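Fold and geometry: a report
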Amino acid sequence: MSRVLLGVSGGIAAYKACELVRLLTRRGHEVRVMMTAGAVEFVTPLTLQTLSGHPVRSELFAPGEESQISHIELADWADVVVLAPATANLIASLAQGLANDLVTTVCLATRAAVLVAPAMNVNMLQHPATQANLATLQERGVQRIGPDRGDLACGWTGEGRMVDPEVIVAATERLMRPAVLAEEAVLITAGPTEEPLDPVRVLSNRSSGKMGFALADEAAKRGAEVILIAGPVSLPTPIGVRRIDVRTAEEMRSAVFAEFEHATVVIKTAAVADYRAADTVDQKIKRESADTLEIKLVRNPDILREISAAKGERTVVGFAAETENVLANARDKLKRKGCDLIVVNDVSRADIGFDVDQNEVTIVGPTAEETTRVPLSSKVEIAAAILDRIIQVRKT
Ligand code: PMT
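Here goes a summary of the coordinates provided.

About the thresholds
Residues numbered from 1 in each chain as written. Predicted model: local features only at pLDDT ≥ 70, side-chain atom pairs only at ≥ 80, totals over all residues. Heavy atoms only, no water. Phe/Tyr/Trp six-rings, centres within 6.5 Å; stacked < 30°, edge-to-face > 60°. Helix = DSSP H or I, 4+ residues; strand = E, 2+ residues; numbered from the N terminus. Buried < 20%, exposed > 50% of the residue type's maximum accessible area, 1.4 Å probe, protein only. Lys NZ or Arg CZ within 6 Å of the ring centre and 35° of its normal. Pairing = 2+ DSSP bridges. Contact = heavy atoms within 4.5 Å. Axes fitted to C-alpha atoms, helices over the stretch in contact; angles between N-to-C directions. Patch = residues over 30% accessible without salt bridge, like charges linked within 9 Å, V, L, I, M, F, W, Y side chains within 5 Å. Areas by Shrake-Rupley, 256 points an atom, 1.4 Å probe, with all protein chains shown as cover. Salt bridge = Lys/Arg side-chain N within 4 Å of Asp/Glu carboxyl O. 1 Å grid on protein atoms, 1.4 Å probe; cavity = no way out; pocket = protein on both sides within 12 Å on 5 of 7 lines; lining within 4 Å. Points joined across faces, edges and corners; volume = space filled by probe spheres on them. Nonpolar A, V, L, I, M, F, W, Y, C, P; charged D, E, K, R; others polar. Domains from an automatic or database assignment. Near = heavy atom within 4 Å. Polar contact = N/O pair within 3.5 Å; in protein donor to acceptor, adjacent residues only side chain to side chain. Sits in = over half its atoms within 2 Å of the grid points.

Quick look at the packing of aromatic side chains now. Given two aromatic rings, one states the distance between the centres and the angle between the planes to describe the pair. All chains considered together, the criterion is met by one aromatic pair. Between F257 and F260, the ring centres sit 5.8 Å apart and the planes meet at 55°, which makes this aromatic pair tilted. In this pair, F257 and F260 are both assigned in helix α12 (residues 249–260), three residues apart and thus about one turn of the helix distant. Classification of F257 as partly exposed rests on a relative accessible area of 29%. When its relative accessible area of 5% is taken as the criterion, F260 is described as buried. One cation-aromatic arrangement involves R32 over W77; the distance from NZ or CZ to the ring centre is 5.2 Å.

Here is the structure:
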């Protein structure tokens, strides 16, 4: 859990600060809010106080407020200061080092990392003064996220819209953690594939995508660029992750190869169908009088084996879903597929593996010494252990 000090300044995007506080607190961060006089015109301190669970401060000299927590204590308290929305005026004040209200004074006094999420009219953004101020802040190590392009509240269209709160959360979390994977582009596959038998029936499996999505979330939190290729699942996209949805094994293969060039680490968590129907049937298969129905299946491409053969300097990690001789089969799979590591889970157990929140895995390397058991824990913790192991491999 980190301590986030959110500074809200006076623009229409201030209403999005409510959602930002809600997302940050839901992710376990402690959030305190300070507001400029302008911000109070757009959103009430009471709303942000209720959402954050802490009194909201807006005045530099308010004896009642200072007795609770002084502006210097606030500056020292923060692990990260997020200014969202950051107006042209706030950005200019920061660039000049002004301390003429609570928000600017705290920003001058804090030693925490500062993130600004600008929001303003397109012409104000493009004005040389604003551009120079943003460049000054960048030189001083202030991080910036956005703004986006789009329809602006003032009626203009163009750059100036504050990025979505989810994007600000991802950027905030990147600032909190040592970005150990900042140099890596991690390509992850997750979920099942669906192979159509006819227009209404599919051949699939029980993969929920939870394991792969946990890996994507954790990799993004550790600073990696993450591309998540997902089969049909009903999970929200982790913050800061680029997601590509696919259906069949063939589609997954095409998406993997489209992104492969760029990736430095590939993790194949997906439960890919080994077979698909040999013939594409355009009409629903009819219930015939015979008691049996034969459908001819043909083998799907083995994506893991193909990428392992072409991996070069990349680290390729496979998964193995086994029901017997778990370790021996995993070792054999590691050799046959040619990947660097294979993560094996015993899917004969109901409490781990498919469609549950927990897992228990062994990360199998080429030798017994390079093999580690990760005991029963949440898929979030399993994902962290797998990424720790990948980081070790990348270092050697
Ligand atoms: O999604 P969840 O509900 O969270 O469940 C997680 C999981 C059980 C699906 C996951 O932990 C897991 O075991 N994933 C691998 C499932 C699987 O297909 O295992 P396999 O042993 O059949 O395949 C071995 C490896 O080859 C896998 O990395 C698979 O992605 C890959 N493969 C398989 C077939 C194929 N045609 N192409 C492939 O790339």
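Turning our eyes to something else, we now look at the sheet that holds strand β4 (residues 113–118). Overall, parallel pairing links the five strands, which are arranged β2-β1-β3-β4-β5 in an open sheet. At either end of the open sheet lies a strand with only one pairing partner, and these are β2 (30–35) and β5 (143–144). Of the pairings in the sheet, the one linking β4 to β5 comprises two bridges and is parallel in character. Considered in β5, the bridge of L115 is made with Q143. Along the sheet, helix α3 (residues 45–52) makes contact with β1 (3–8) and β2, crossing β2 at roughly 170°.

Here the focus is a nonpolar patch on the surface. Taken together, Y275, L293, I295 and L297 make up a surface patch of nonpolar side chains, about 360 Å² in accessible area. Here I295 lies in the loop between β14 (275–277) and β15 (297–299).

Applying the stated rule across the entire model yields two cavities of 30 Å³ or more. If you trace the largest cavity, you find it lined by R27, A170, E173, R174, D217, A220, K221 and I239. Contributions of two or more residues to the lining of the largest cavity are made by α10 (165–176) and α11 (210–221). When grouped by side-chain class, the residues that make up the lining of the largest cavity number three nonpolar, no polar and five charged. No fewer than three residues from each of domain 1 (3–176) and domain 2 (185–395) sit in the lining of the largest cavity. Quantified by volume, the second largest cavity comes out at close to 30 Å³. As for the second largest cavity, its lining consists of A214, D217, E218, K221 and V380.

Turning our attention to the site of the ligand. Around the ligand sit 27 residues in total, of which S207, S208, A270, K333 and N345 are the nearest. One of the backbone nitrogen or oxygen atoms of G209 is found 2.8 Å away from an oxygen atom of the ligand. A distance of 2.6 Å separates an oxygen atom of the ligand from a polar atom in the side chain of N345. Burial of the ligand by the protein chains amounts to 95% of its free accessible area of 780 Å². In this structure the site holding the ligand corresponds to the largest pocket. Elements with a minimum of two residues in the shell around the ligand: α11, α13 (303–309), β16 (315–322) and α14 (326–337). Ranked by residues supplied to the shell around the ligand, first place goes to β16 with four residues. A breakdown of the residues in the shell around the ligand according to their chemical character gives eleven nonpolar, eight polar and eight charged.

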